[in-house]
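Each chain, written out:
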Amino acid sequence: LRIGIDAGGTLTKIAARRPDGQFRFLKFPSADAGRIVAWLAAEAPGAALAFTGGKAGNLQALASDRMPADAAHMRAAVTVPEFDATCAGARWLLGRDERNLDSFLLTNVGTGTSIHYVTPDGHERVGGTGVGGGTILGLAALLGGIGAGLRSGGGDSAVAEAGLAEKLDYAGLVALARKGDRARVDLKVSHIYAGVTPPIPGDLTASNFGHVANQTEPIGLADALASVIGLVGETVTTVSVHAARELGTADIVYIGSTFLGNTLLAEIVNRYTKLRGGRPYVLPDGEYSGAVGALLAL
Ligand code: ATP
Ligand code: MG
């Protein structure tokens, strides 16, 4: 058994490959280190291990501490630099999909967003933005009043429905956003150029959240969350398209757990990338790129 572990800022992704070549993918909240160590204690003995990600060192140290019998084994595990692992894993997952690309831009929408140019000779980090999956969780919390009114007893049925009141449940948040409508939140180019032909596509967002100040009726949480996902999708797309253009490639591969179950984000990224002249591909299982890449180093 070979196991690749990508301990990220928010989620720890694990790829395990049996000798018959079959893969198993699992994820845990990185904050739940106890559960990760328990999983390792059950599965890791005798397995070849490779760690990657920003929290790899912490996790490895904790595992060595709590698993005395396997401490030496834990410490002997391979550590793979995060960007090497991510780029190698993404290329492998693309190959599995028969989408082999020589050179492409790789946009990893994790807690934050990191952009890489991957070529047959290697990879380089070409940019990034602090707007990422953590932005969705953070703005959802602010908009839903997490940590403020809700805890002190205030109730909002939309928030309760999204499961935001107790804990940020990503699936609930994404489902609520899916029902939202951005029309009264975001200002489009066509709003500004009302009645005349704009110099750029009217469907482009002129100002994320820029239409809120023009409204007289309150905006519901679902609509606001749809626009949060719009903000993140359009920002990561814009930064990616600019980088791709500079590098002379059109292919942009998107990965990261932010796309998990988030068809709204995938649609926005696909549509916006095409609108800007790029060729998008939201890679299935892309959030496991780092874990797969780490495993491939074994
Ligand atoms: P980084 O690479 O920046 O260190 P990471 O590897 O932990 O972070 P990902 O796992 O790729 O990042 O993505 C994290 C994002 O995925 C979160 O910010 C959130 O938007 C989204 N997400 C999806 N599912 C969950 C979940 N169950 N719990 C928390 N966040 C989730
Ligand atoms: Mg990551």
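Residues numbered from 1 in each chain as written. Chains lettered and ligands numbered in written order. Predicted model: local features only at pLDDT ≥ 70, side-chain atom pairs only at ≥ 80, totals over all residues. Heavy atoms only, no water.

S.K.: Just to check I follow, could you spell out the site of ligand 1 for this structure?
M.R.: Around ligand 1, the structure places 17 residues, and the nearest of them are G9, T10, K13, T111 and S257. Here an oxygen atom of ligand 1 and a backbone polar atom of G9 are 2.8 Å apart. In the environment of ligand 1, an oxygen atom lies 3.2 Å from a nitrogen or oxygen atom belonging to the backbone of G134. Summarising the interface, the protein chains cover 83% of the accessible area of ligand 1, which totals 650 Å² for the free molecule. Listing elements by their share of the shell around ligand 1, those giving two or more residues are β2 (11–17) and α5 (133–144). For the shell around ligand 1, the element with the most residues is α5, which contributes three residues. Its residues assigned to classes, the shell around ligand 1 comprises four nonpolar, eleven polar and two charged. (Near = heavy atom within 4 Å. Polar contact = N/O pair within 3.5 Å; in protein donor to acceptor, adjacent residues only side chain to side chain. Areas by Shrake-Rupley, 256 points an atom, 1.4 Å probe, with all protein chains shown as cover. Helix = DSSP H or I, 4+ residues; strand = E, 2+ residues; numbered from the N terminus. Nonpolar A, V, L, I, M, F, W, Y, C, P; charged D, E, K, R; others polar.)

S.K.: What exactly am I supposed to notice about the side chain of D186 here?
M.R.: Following the sequence through the fold, D186 ends up in the loop between α7 (170–178) and β9 (187–188). Separated by 2.7 Å, the side chain of D186 and the backbone nitrogen of F209 make a polar contact. Among the polar contacts listed, one links the side chain of D186 to the side chain of S227, at a separation of 3.0 Å. Leaving out residues up to four positions away in the same chain, D186 has contacts with H191, T205, S207, N208, F209, G210, H211 and S227. (Contact = heavy atoms within 4.5 Å.)

S.K.: Please explain the sheet that holds strand β6 (residues 104–109) as it appears in this structure.
M.R.: Within a sheet, each strand pairs with its neighbour through backbone hydrogen bonds, oriented either parallel or antiparallel. The five strands are arranged β8-β7-β6-β11-β12 in an open sheet whose pairing can be described as mixed. Bordering the open sheet on either side are β8 (122–129) and β12 (279–282), each of which pairs with just one other strand. Each adjacent strand pair in this sheet contributes to an overall mean axis angle of 25°, direction not counted. Each of β6, β7 (113–119), β8 and β11 (251–255) is contacted by helix α9 (residues 221–247), which is oriented at about 155° to β6, the strand it contacts most. (Pairing = 2+ DSSP bridges. Axes fitted to C-alpha atoms, helices over the stretch in contact; angles between N-to-C directions.)

S.K.: Can you help me understand the packing of aromatic side chains in this one?
M.R.: To describe a pair of aromatic rings, one takes the distance between the centres and the angle between the planes. Enumeration according to the criterion identifies four aromatic pairs in this entry. What links up through ring pairs into an aromatic cluster is the set F23, F25, W92 and Y288. (Phe/Tyr/Trp six-rings, centres within 6.5 Å; stacked < 30°, edge-to-face > 60°.)

S.K.: Where do I start with the confidence of the model for the protein chain in this structure?
M.R.: A low pLDDT means the predicted coordinates there should not be read in detail. Across the protein chain, the average pLDDT comes to 91, with 92% of residues at or above 70. Confidence over residues 147–156 falls short of pLDDT 50; this stretch has eight contacts with residues more than four positions distant or in other chains. (pLDDT = per-residue confidence, 0-100.)

S.K.: Is there a simple way to think about helix α4 (residues 82–96) in this case?
M.R.: The α-helix winds at 3.6 residues per turn, so residues separated by three or four positions along the chain end up facing the same way. In this model, α4 (15 residues) spans 21 Å end to end at C-alpha, consistent with the 21 Å of a helix rising 1.5 Å per residue. By the burial criterion, the buried members of α4 are A85, T86, C87, G89, A90, L93 and L94. Taken from the residues just after α4, E98 is the one with a positive phi, measuring 55°. (Expected span 1.5 Å × (residues − 1). Buried < 20%, exposed > 50% of the residue type's maximum accessible area, 1.4 Å probe, protein only.)

S.K.: Mind showing me how you'd approach the pattern of salt bridges here?
M.R.: Side chains that carry opposite charge are capable of pairing whenever their charged atoms lie near each other. Here the structure, examined in full by the defined rule, presents ten salt bridges. Between R18 and D20 there is a salt bridge, with its nearest N and O atoms 3.2 Å apart. On the accessibility criterion, D20 (53% relative accessible area) is exposed. Linking R24 and E43 is a salt bridge whose minimum nitrogen-to-oxygen distance equals 3.5 Å. Of this pair, R24 sits in strand β3 (residues 23–29) while E43 sits in helix α1 (residues 33–43), and the two are 19 residues apart along the sequence. For E43, a relative accessible area of 27% puts it in the partly exposed group. (Salt bridge = Lys/Arg side-chain N within 4 Å of Asp/Glu carboxyl O.)

S.K.: Whenever I open this one, the pairing of β6 confuses me. Can you help?
M.R.: Burial within β6 is extensive, with six of its six residues counted as buried. Because side chains alternate across β6, one face comprises the buried residues F104, L106 and N108, and the other comprises L105, T107 and V109, equally buried. Taken together, the six bridges between β6 and β7 define a ladder with antiparallel strand orientation. Considered in β7, the bridge of L106 is made with H116. Between the antiparallel neighbours β6 and β7 lie three residues. Sheet analysis places β6 next to β11, joined by four bridges and oriented parallel. Residue pairing across strands places N108 opposite I255, the latter belonging to β11.

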